[in-house]
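Observations on the three-dimensional arrangement
This is what each chain is made of:
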Amino acid sequence: MRSTGFRRTFVALSVCSLALAASACGSEDDSASGKTRITVNCEPPKSAKVDRGFFEQDIAAFEKKNADIDVVAHDAFPCQDPKTFDAKLAGGQMEDVFYTYFTDVKHVVDTGQAADLTSYVKELKSYDTVQQQLRDIYTVDGKIYGIPRTGYSMGLIYNKQLFQKAGLDPEKPPATWEEVRADAKKIAALGNGTVGYADYSAQNQGGWHFTAELYSQGGDVVSTDGKKATIDTPEGHAVLQNLHDMRWTDNSMGSKQLLVINDVQQLMGSGKLGMYLSAPDNIPILVKEKGGNYNDLAIAPMPGGKGTLIGGDGYMFNKKDTPAQIRAGLKWLDHMFLTPGKGFLGDYARAKKNNAPVGLPEPRLFTGAADAKDQEAKKANANVPVENYQSFLDGNHSLQLKIEPPNAQQIYSVLDGAVSAVLTKKDADIDQLLKDASGKIDNILVRS
C-alpha cells in the first residue's frame, strides 16, 4: 500500500478520467502530425491546487523542451483504485505510461500488459543513479518493466508535547514494543479522551499494519518461496497479543476501534493521540489537513529493531506502446521525477516558495553524486524541524527493509479480520485467529 500519496501536500493520486472508461486510456502514436503523443496518469486533481500547478508547469516545460512530444495527463482519485485496477489492466485500458505500486509489478507482467523496457533504459539518463534495490523491484526474470519513482518506510510517529505531559522524554521515543506499551499507558492516563497508541483495523489497512508489526518482530507473512503463510508463529502471536493487551489490559488504545487512516490522522492532528505507525509523508497531512503542528510531530524508527516495511511506486508502460512512445515516456520520467533538485518531486526551492514541506525524511531514491546533489538541494530549502526526524533516519540503517508480501491486498483483507477481532473482542482466541488466517492465505497463494 502507498502510505499517503504525494510527498508534499495531498493524498490524491489518479486514474483515467471516467470519460475515457469506455475506450482505451492508451493513445495512438500521432506520427502524422510529427509529434509523439503519450497519455500519463497520476496528475493531482484540481482540488490539490499547489501540486496540480506544479504538475502542469512541469509538463509545459517538458513540451517546450521536447517540441516533438505531446503529453496528455489524466487525473482522478485515487491513482490506483483496487476496485478497478485489474479490470482496466485486463481490458487494455491503461495509459501509455501508468502508475503502479511496488507490489503490482509481477502481477502486471503476468497479465502480459507491460512493455519490456530492457532495450530502452539506456536512454533514461537517470536510470543508473537510482537505488539498485528499487530498480530490482521492476525487474522480472531479468527483464526491466518499470521505473521506480518514490519509496517509503514505516516508522513511529509520536506527539512530543504529549510525551512531555506524560513525564516521558520526547527525545527518547520507545525502541521496543514493551516500551511502546508502557509509554502508551502513561499517555492514556492523561485522560480527557487521550489515546496512547492507535492502529488501523479495517479496509485492508489493519492487515497492512499487522505486516509492518510482524516485520518489526523479525517475522514474515509469506515463506521465501511464496507458497505458504508464515504468520502462525511466535512473532505473529506477539503482534496480536500486544495489541490485545494494550486495548483490554492497559486501556491505552481507546474504546473506538475499526479505525482507518483518516480516523487515526484526525486523532493525531487534534493532539489526542500519542503514537501510531506511519511513514514520514503522513506528517504534512497531519499539519495541513488535521490541525497538527510540525514542532510537535516527530518520527522514530520502527519499534522492535529487526525490520520495517517499505513500499513505494513507479511507472510501467503499456504493451501497446510504440518504440517512439516508450522513448518519449522515459524522457518524461527523467524530466518529471528523476532529475535531482528539479521536477515535480525534486524542485525543493519551488516547494518551499509555495509553503510545501521540504526536509521530510523520505528514503533516498538516488545514489552517488545524484544523491549528494538531491540532498544538498533539500537541506538548503528545508522548512520543517528536521531534528524531529533524525532518530528515524539513524535507526533505519540497522533495520531489515522488507517489501510488502505478494498478493498483498488479498492477504491484508484476511489479516484485517484477525486484527479487528483482538481489538473488538476481549476473549478473542489469538491461536485460532492465526490458524484460520494462515489457511486462508495459503489458499490465496495456491490460486496466484
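Residues numbered from 1 in each chain as written. Predicted model: local features only at pLDDT ≥ 70, side-chain atom pairs only at ≥ 80, totals over all residues. Heavy atoms only, no water.

1. So, the nonpolar core
Our working rule: Here, nonpolar core means buried Ala, Val, Leu, Ile, Met, Phe, Trp, Tyr and Cys residues that are tied together by side-chain atoms lying within 4.5 Å of each other. Each residue's exposure class comes from its accessible area (1.4 Å probe, protein chains only) as a fraction of the maximum for that residue type: buried when under 20%, exposed when over 50%, partly exposed otherwise. The criterion used for residue contact is that any of the two residues' heavy atoms lie within 4.5 Å.
Residues Tyr 197, Phe 210, Ile 231, Leu 243 and Met 275 are the most contacted members of the largest nonpolar core, which totals 73 residues. With residues near it in sequence (within four places) discarded, Phe 210 still touches Ile 231, Gly 236, Val 239, Leu 240, Leu 415, Val 419 and Leu 434. In this structure, Ile 38, Tyr 99, Ala 328 and Trp 332 belong to the second largest nonpolar core, which totals 52 residues.

2. Here's the deal with the packing of helix H16 (residues 408-424) against helix H17 (residues 430-447)
The packing of two helices is summarised by the inter-axis angle and the distance between the axes. To keep it simple, the criterion reads: Whenever a helix is involved, its axis is fitted only over the stretch in contact; in every case the axis is a line through C-alpha atoms, and angles between N-to-C directions fall within 0 to 180 degrees. Numbered from the N terminus, helices here are DSSP runs of H or I no shorter than four residues, and strands are runs of E no shorter than two. When describing relative orientation, an angle under 35 degrees is termed roughly parallel and one over 145 degrees roughly antiparallel, while 65 to 115 degrees is termed roughly perpendicular and anything else oblique.
Close contact between H16 and H17 brings their axes to 9 Å; oriented N to C, the two are set at 170°. The angle between H16 and H17 places the two elements in the roughly antiparallel class. For the pair H16 and H17, the contacting residues are Gln 410, Ile 411, Val 414, Leu 415, Ala 418, Ala 421 and Val 422 in the first and Ile 430, Leu 433, Ala 437, Lys 440, Ile 441, Ile 444, Leu 445 and Arg 447 in the second.

3. Looking at helix H9 (residues 261-269)
To keep it simple, the criterion reads: Within this analysis, the arc is defined by the directions that extend from the helix axis to the C-beta atoms.
Listing the buried residues of H9 in full gives Ile 261, Val 264, Gln 265, Met 268 and Gly 269. Buried positions in H9, seen along its axis, are confined to an arc of 130° and lie on one side of it. The elements touched by buried residues of H9 are strand S7 (155-159), helix H7 (205-216), strand S9 (273-278), helix H10 (282-288) and strand S10 (297-301). Phi turns positive, to about 80°, at Gly 271, one or two residues after H9.

4. Comments concerning the confidence of the model for the protein chain
For clarity, the cut-off: As a per-residue measure, pLDDT reflects the predictor's confidence and takes values from 0 up to 100.
Residues with a pLDDT of 70 or more make up 92% of the protein chain, whose mean pLDDT is 91. For the stretch residues 4-24, pLDDT sits under 50, and the model shows 92 contacts to residues farther than four places along the chain or on other chains.

5. Looking at a negative patch on the surface
Note the threshold: Patch rule: a residue counts if its relative accessible area is over 30% and it has no salt bridge; like charges are joined within 9 Å, and nonpolar side chains (Val, Leu, Ile, Met, Phe, Trp, Tyr) within 5 Å. Only the protein chains shown count as cover for residues, and the accessible areas themselves come from Shrake-Rupley with a 1.4 Å probe. Any Lys or Arg side-chain nitrogen found within 4 Å of a carboxyl oxygen on Asp or Glu counts as a salt bridge. As used throughout, the charge tally considers Lys and Arg to be positive and Asp and Glu to be negative, leaving His and the chain termini uncounted. Here the site of a charge means atom NZ of a Lys, CZ of an Arg, CG of an Asp or CD of a Glu.
Residues Asp 232, Asp 427, Asp 429, Asp 431 and Asp 436 make up a contiguous surface patch of negative charge. By the secondary structure assignment, Asp 431 is in helix H17.

6. A word on unusual backbone geometry
The backbone phi angle of Asn 204 is positive, close to 70°, even though this residue is not glycine. By secondary structure assignment, the location of Asn 204 is in the loop between strand S8 (195-197) and H7. Despite not being glycine, Asn 355 has its phi angle at roughly 60°, a positive value. Judged by relative accessible area, Asn 355 falls into the exposed class, the value being 56%.

7. With respect to the state of the cysteines
Condition: By convention in this document, the label disulfide applies to cysteine sulfur atom pairs within 2.5 Å.
Counted by the stated rule, this structure contains one disulfide. Covalent S-S linkage joins Cys 42 and Cys 79, the inter-sulfur distance amounting to 2.3 Å. Note on the Cys 42 and Cys 79 pair: the S-S dihedral is about -55°, so by sign convention the disulfide is left-handed. Linking Cys 42 in the loop between strand S1 (36-40) and helix H1 (49-65) with Cys 79 in the loop between strand S2 (69-73) and helix H2 (85-90), this pair joins segments that are 37 residues apart in sequence. Note on accessibility: Cys 42 and Cys 79 belong to one class, buried.

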